[in-house]
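Inside the fold
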Amino acid sequence: MKLVSTVQELQSEIQHLAQGRTVGFVPTMGALHQGHISLVKQAVSENPVVVVSIFVNPTQFNDPADLERYPRTLENDMKLLEPTGCSIVFAPNAKEVYPEPDKRKFNFGKLEEVMEGKHRPGHFNGVAQVVSRLFDMVKPTKAYFGLKDFQQLAIVKNMVKQLQLPVEIVPCAIIREESGLAMSSRNELLTEEQRKNAAVISETLFKAKELKGQKSVQEITDWVTETINKNPFLDVEYFEIVDDEQLQPVKNWDEDSTKVGCVAVFCGKIRLIDNIVF
């Protein structure tokens, strides 16, 4: 496994290793956990060459304090990646990714007007900027994204379509801690007590799935919000039940689409997201 920090090194390494074979790519912001590692392992099982990028992208943070707080743990990340069979770790600085300021504006229509897009203006434009830049540098055959960031996955698929990029997007299952809490780099910022209480989020989502046959969409929406908010450590920013393609709120269970319940919750100052497919 080789660590590189420039596009030139990255591309010459890929060329040397790939020689026409497929390249798998896992873009990350570091502070890796077993959720990331599961993506890397899947990529390794499907491609002879796998690149993992570690880059905390400034253009997708609309809160400077959140960017400042985001954990950076390259040494530990390398230790976790070593046994996976990953070929190249690409850890560039901001100047390498953005030699010039990226002024591109993407239009994702309704996709970016709900949930994360509504509460974090500009966030998905930043995601599209960095992912398209990284795709351009790595030129992967397949790229792997976790289903925890459900809306982000929809945005990336849309961007790939808009830009007509020759890359297959592979969605990967949510990996959870023993308590049920969805694995996230942000979990590292929680105190032990907060982490214990944050498990209420997934607990409530699993229960909501069981209640689907007994309650309407609106009743489930209200119930999830109230149940999580009852916990003094937690504060729901949004919970919405949406279709899995356009991510628009659904009114009835019998609408013809797969329905996903997406939630964002503050645990102290730490913002956690999760979702469940109904």
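Below: a short report on this structure. None of the values given here were measured: they were computed from a predicted structure.

Looking only at helices and strands, the protein has ten helices and nine strands in total. In summary, the protein has a C-alpha radius of gyration of 19 Å against a globular reference of 19 Å for 278 residues, a match within 12%. Projecting the C-alpha coordinates of the protein onto the three principal axes gives extents of approximately 60 × 40 × 35 Å. For the protein, with 278 residues in total, the buried portion stands at 53%. The long-range share in the protein, meaning contacts at least 24 apart out of those at least 6 apart in sequence, stands at 72%. Approximately 13500 Å² of the protein is accessible, and the part contributed by carbon and sulfur atoms is 50%. Charge centroids of the protein, computed over 32 positive and 38 negative side chains, lie 2 Å from each other.

Here we come to the nonpolar core. If you look at the biggest cluster of nonpolar residues, it comprises 46 residues, and the most contacted ones within it are Leu 10, Val 51, Phe 135 and Ile 169. In contact with Val 51, not counting residues within four places along its chain, are Leu 10, Ile 14, Val 23, Gly 24, Phe 25, Val 26, Ile 88, Phe 90 and Val 138. Judged by nonpolar contacts, the second largest core, of 25 residues, contains Leu 181, Ala 198, Val 263 and Val 265.

Residue position: Thr 258 is located in the loop between β7 (234-243) and β8 (259-267). Residue Thr 258 is classed as partly exposed on the basis of its relative accessible area, which comes to 38%. Separated by 120 residues in sequence, Thr 258 and Val 138 have C-alpha atoms that sit 33 Å apart. Setting aside anything within four residues of it in sequence, one finds Thr 258 in contact with Val 242, Asp 243, Asp 244 and Val 277.

Let us now look at the pattern of salt bridges. Counted by the stated rule, this structure contains twelve salt bridges. Across the pair Glu 210 and Lys 207 runs a salt bridge, and its minimum N-O distance is 3.9 Å. Highlighted residues: Glu 210 and Lys 207, both in helix α9 (residues 192-211), separated by three residues, approximately one helical turn. Residue classification places Glu 210 among the exposed residues on the basis of a relative accessible area of 57%. Connected through shared salt-bridge partners, Glu 116, Arg 120, Glu 237 and Arg 271 make up one network.

So, on to the packing of α9 against helix α10 (residues 217-229). Viewed as axis vectors pointing N to C, α9 and α10 meet at an angle of 155 degrees, and their least axial separation amounts to 10 Å. Of the possible angle classes, the one that applies to α9 and α10 is roughly antiparallel. Crossing of α9 against α10: the hand is right-handed. Residue-level contacts link Val 200, Ile 201, Thr 204, Leu 205, Lys 207, Ala 208 and Leu 211 of α9 to Ile 220, Trp 223, Val 224, Thr 227 and Ile 228 of α10.

Here three strands make up an open sheet; going across it, the order is β7-β8-β9 and the pairing antiparallel. The open sheet terminates on both sides in strands that have one partner only, identified here as β7 and β9 (270-277). Averaged over all neighbouring strand pairs, the angle between strand axes comes to 15 degrees, with direction disregarded. Here β8 runs beside β9; their pairing, made up of eight bridges, is antiparallel. Across the sheet, Val 265 pairs through a bridge with Leu 272, a residue of β9. Here α10 sits on the sheet in contact with β7 and β8, set at roughly 160 degrees to β7.

What counts and what doesn't
Residues numbered from 1 in each chain as written. Predicted model: local features only at pLDDT ≥ 70, side-chain atom pairs only at ≥ 80, totals over all residues. Heavy atoms only, no water. Helix = DSSP H or I, 4+ residues; strand = E, 2+ residues; numbered from the N terminus. Rg over C-alpha atoms; globule rule 2.2 N^0.38 Å. Buried < 20%, exposed > 50% of the residue type's maximum accessible area, 1.4 Å probe, protein only. Contact = heavy atoms within 4.5 Å. Areas by Shrake-Rupley, 256 points an atom, 1.4 Å probe, with all protein chains shown as cover. Lys, Arg positive; Asp, Glu negative; His and termini not counted. Charge placed at Lys NZ, Arg CZ, Asp CG, Glu CD. Core = buried A, V, L, I, M, F, W, Y, C linked by side-chain atoms within 4.5 Å. Salt bridge = Lys/Arg side-chain N within 4 Å of Asp/Glu carboxyl O. Axes fitted to C-alpha atoms, helices over the stretch in contact; angles between N-to-C directions. Parallel < 35°, antiparallel > 145°, perpendicular 65-115°, else oblique. Left-handed = near helix turned anticlockwise from the far one by under 90°. Pairing = 2+ DSSP bridges.

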